[in-house]
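Next come the chains, spelled out residue by residue.
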Amino acid sequence: VKILAVYNIKGGVGKTATAVNLAWHAAQTGLRTLVWDLDPQAAATFYFRIKPKVKGGRKMLRGKRPIDDIIKGTDFEGLDLLPADFSYRNMDLMLGEAKKPTLQLLRVLRPLAEDYDLLILDCPPSISLVSENIFHAADALLVPTIPTTLSLRTLRQLMDFIVRHQVHVPVYAFFTMVDMRKRMHQQTMQRDLGERVTRLATAVPYASSVEKMGLARAPLGVFAPHSRAAQAYAALWEELRSTALKGAAG
Amino acid sequence: MSGPLPALFTADCRSYASYSPPAGTQPADLQRRLNGAWRTRLESPGDVVRCYLDTFDWRIYRSGSLLVAKQSARVLGLIWEDRRHAKPLASCRVETLPRWPEDVPAGVLRDRLSPVVEMRALLPMARVRSRSWVLRVLNEDDKTVARLLLEQSECLTEGKQIIAALTPRLTLIPVKGYNKSAKRLAHFLEQDLALPLAADNRLEEALALQGRQPCDYSSKLDVQLNPEMAADTALRHVLRHLLGTLEANIAGSRDDLDSEFLHDLRVATRRTRSALSQVKDVLPPQVVTDFKQRFGWLGQVTGPTRDLDVFLLDFPRYRQSLPAELQADLDPLLPYLREHQREAQQTLRRQLASPYFHRLLKDWHEFLAQPPAGPDAGPKARVPIREVAGARLWRMYRRVLREGRAITDDSPAEDLHELRKSCKKLRYLLEFFASLYPKAKIKPLIKQLKRLLDNLGDFQDLHIQAERLRVFGEDLQRERGDRLPVVLAIGTLIGDLLRRQMQARAAFASLFAAFDDASQYKICRAMFKRGEAPR
């Protein structure tokens with residue numbers, strides 16, 4: 001199993017749309033895929049028409065309830081979801097109580113290795129003990145980045161954190177919510193991202209179709225397959241398969 | 001392309017339950033009957049062809065599994081199912097239908113498959129084409145909470161001609177995390193729509209439509225005889241059974257589908273000859289002489305191919321038995337063996353197509369179809385089979401004991417060879433007439449005898465193999481020149497075989513002692529000599 005974490009310190013960068021659309025493409029190619037909605041805002045859970053309440057989410061994190069009981073099938077074959085739970089808002093505290101707090105997430109995920117080929121973590125923004133757990137658990141970190149100065153600054157903050165804490169996870173960044181009419185976007189996209197970051201060629205445009213995902217409550221490929229954004233996510237998936245997810249089955 | 005299969009591909013095997021809706025049920029009918037109670041959405045139909053693969057002797061089915069090759073518009077996948085619980089245990093994508101376990105990509109499926117089928121080829125046993133419709137069952141958020149898969153299927157010939165339609169099948173596929181909905185839906189289908197559960201699996205249904213059933217071939221000799229039957233009738237019964245086995249293996253031997261066809265054909269031939277010569281004074285003497293000779297011919301012409309088959313089957317083990325640095329040196333032997341096997345197979349093919357062979361089968365059929373106990377029958381033709389069998393078994397049992405007891409550490413190899421022949425005769429007799437005696441007493445005897453035979457077989461065959469390998473080595477040297485490494489590797493192998501042969505010789509005494517057991521002697525005397533403990 002490969003674990004891909006979609007993460008950004010900053011919120012509102014199209015993180016959940018990325019996780020949901022990539023997961024859908026993965027399942028379409030035949031990978032048994034699980035999305036874990038770690039964000040208490042439960043956007044991924046909402047997109048898949050699943051109720052965000054998880055009975056015993058805390059128990060699961062403490063290892064007292066099998067994770068498999070909580071997983072829900074989505075409308076798409078081969079694509080399952082571990083729903084968000086409001087109790088995740090206290091996840092930092094819970095992880096802090098455990099021994100080896102930075103490795104707890106990995107322990108929880110271990111039993112899933114046989115059932116899935118790909119795990120996509122939709123991570124909450126901000127940097128915390130949860131994010132540190134994610135960095136340790138993930139095979140790759142995918143950072144959706146808006147081409148603005150502020151966004152690049154948070155990417156640098158992330159890289160500083162990773163270097164300081166000696167985490168060895170590879171980091172992939174791609175530009176999202178891109179408006180090519182804006183000079184600033186064009187210029188920012190030329191900037192260097194630092195040597196530890198692999199820059200992906202695909203850019204996802206700013207598009208109303210992405211916002212419509214909230215109405216349609218489905219991945220773009222289902223209700224707007226010919227939109228530019230849908231095609232960009234398809235291209236992003238193909239690019240990831242040959243880079244970050246190389247060697248994943250399928 | 002390798003890798004996992006699309007999830008929907010195996011979904012029907014992960015079902016909650018399968019039902020038999022009335023013949024001709026259309027998806028729209030079903031949707032109408034669900035409406036009111038359930039919100040549903042119909043998806044566009046898809047076609048799949050399932051090809052059930054197994055060995056000729058049904059090894060996969062007998063192991064409690066099914067191997068299904070499922071072909072959809074875009075994907076060909078293999079699914080290994082638990083037959084009783086219709087549960088997929090492993091699956092993978094393939095490019096073409098596999099013939100050997102090695103054709104399957106390395107992984108869980110191949111690991112399960114290889115030890116079950118061993119050296120046998122995978123053959124298509126039945127083909128079923130289905131048109132399927134998925135009906136998604138939705139909750140108030142339009143979220144899918146279960147799926148219903150309606151399938152209309154037909155059974156196809158190998159040339160994809162339609163044989164007949166199977167009963168339609170409605171499968172309830174639960175969505176993970178929505179078990180309550182699946183349970184309620186199952187209840188609705190059973191109670192409100194009164195749909196009966198689907199009976200057997202598709203394979204059995206498809207076979208039945210072709211007048212077949214699973215496990216309709218076995219290499220085991222399983223003849224039920226009545227102890228009071230006239231010896232002539234009983235013997236013909238055994239011989240007819242053997243002829244059936246022999247004929248079942250002709251096509252596979254001719255086309256060399258796998259090495260077991262020829263093996264089974266040869267075993268049936270040997271058993272036939274043994275039945276002819278061992279059960280004396282029952283069949284007309286000129287018939288016995290004539291067919292013994294003609295089946296002897298069949299044994300001879302099939303020998304060379306079988307010998308080479310055995311070397312090819314053993315090759316991986318031979319290679320493995322060599323020290324690591326010599327293993328690669330043995331490799332030139334493999335193409336040599338293959339080439340010679342191919343030549344032998346071509347000759348065999350001609351023999352199996354020859355008028356002589358057809359004549360043999362035709363004459364043998366004719367003889368077996370004649371009414372028993374004709375004017376030229378043997379003097380014991382009308383004696384009850386239990387008497388004839390008992391006398392013969394008792395005689396052969398004592399001969400084995402006599403010959404075995406005479407063998408010492410210094411006995412020549414010929415003595416062991418003679419004993420082996422007697423043991424084989426006894427074994428065949430036991431197999432022909434097993435049904436006349438209590439299973440609990442015959443089985444341990446056969447088992448003991450098998451152990452002894454394995455030991456004697458090792459002693460003799462290892463020696464013959466060593467001699468054959470020597471010839472191969474000389475051939476390789478002469479035919480291709482400059483083959484010192486392979487010759488040395490063969491030499492090492494010969495040394496190893498001869499060492500094992502010596503070990504087998506050393507183990508003989510204790511194995512024979514186990515067979516020459518006082519309580520077993522009493523049992524045999526009671527069964528064979530006195531005709532006690534009949535079934």
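Described below are features of the structure shown in this document. Sequence positions are assigned chain by chain, starting from 1 and proceeding in written order. Following the order in which they are written, the chains are lettered starting with A and the ligands numbered starting with 1. Totals for whole chains, interfaces and linings use all residues, but because this is a predicted model, local features are given only for residues with pLDDT of at least 70 and pairs of side-chain atoms are given and counted only at 80 or more. Hydrogens and water are ignored here; the side-chain numbers use all heavy atoms of the structure.

## Things to note about the pairing of strand β10 (residues 169-174) of chain B
All names here are of chain B.
- Here's how the labels work: a residue is buried when its accessible area is under 20% of the maximum for its type, exposed when over 50%, partly exposed in between, all with a 1.4 Å probe on protein chains only. Segments assigned H or I by DSSP are reported as helices when at least four residues long, segments assigned E as strands when at least two residues long, and all are numbered from the N terminus. Burial analysis of β10 places five of its six residues in the buried class, which makes it a mostly covered element.
- Here, any two strands with at least 2 DSSP bridges between them count as paired. Where strand β1 (residues 17-19) and β10 come together, three bridges link them in antiparallel fashion. Across the sheet, residue S18 finds its bridge partner in β10, namely T171.
- Bridge analysis of strand β8 (residues 144-156) against β10 gives six bridges, and the strand direction is antiparallel. For A146, the partnering residue across the bridge sits in β10 and is P174.

## A short note on the pattern of salt bridges
Residue and element names in this part refer to chain B.
- Put simply, a salt bridge is a Lys or Arg side-chain nitrogen that is within 4 Å of an Asp or Glu carboxyl oxygen. By the definition in use, this model includes 42 salt bridges over all chains.
- D232 serves as the salt-bridge partner of R236, at 2.6 Å between the closest nitrogen and oxygen. Of the two residues, R236 and D232 are both situated in helix α7 (residues 231-248); the distance of four residues between them amounts to about one turn of the helix.
- When its relative accessible area of 1% is taken as the criterion, D232 is described as buried.
- Each of D57, R59, E118, R120 and D258 takes part in a single network of salt bridges with overlapping partners.

## Remarks on a positive patch on the surface
- In this analysis, a patch consists of residues with relative accessible area above 30% that form no salt bridge, clustered at 9 Å for like charges and at 5 Å for the nonpolar side chains Val, Leu, Ile, Met, Phe, Trp and Tyr. Using the Shrake-Rupley algorithm and a 1.4 Å probe, accessible areas are obtained, with residue cover drawn only from the displayed protein chains. In summary, the charge assignment counts Lys and Arg as positive and Asp and Glu as negative, without counting His or the chain termini. By convention, the point assigned to a charge is CZ for Arg, NZ for Lys, CD for Glu and CG for Asp. On the surface, R273, K280, K292, K380, R395, R398, R402 and K529 of chain B cluster together into a patch of positive charge.
- Ranked by residue count, the leading element in the positive patch is helix α14 (residues 385-405) of chain B, at three residues.

## As for unusual backbone geometry
Residue and element names in this part refer to chain B.
- We note that A194 has phi near 50 degrees; this positive angle belongs to a residue other than glycine.
- Residue position: A194 is located in the loop between α5 (179-192) and α6 (202-209).
- One non-glycine residue, D256, lies in the positive phi region at around 50 degrees.

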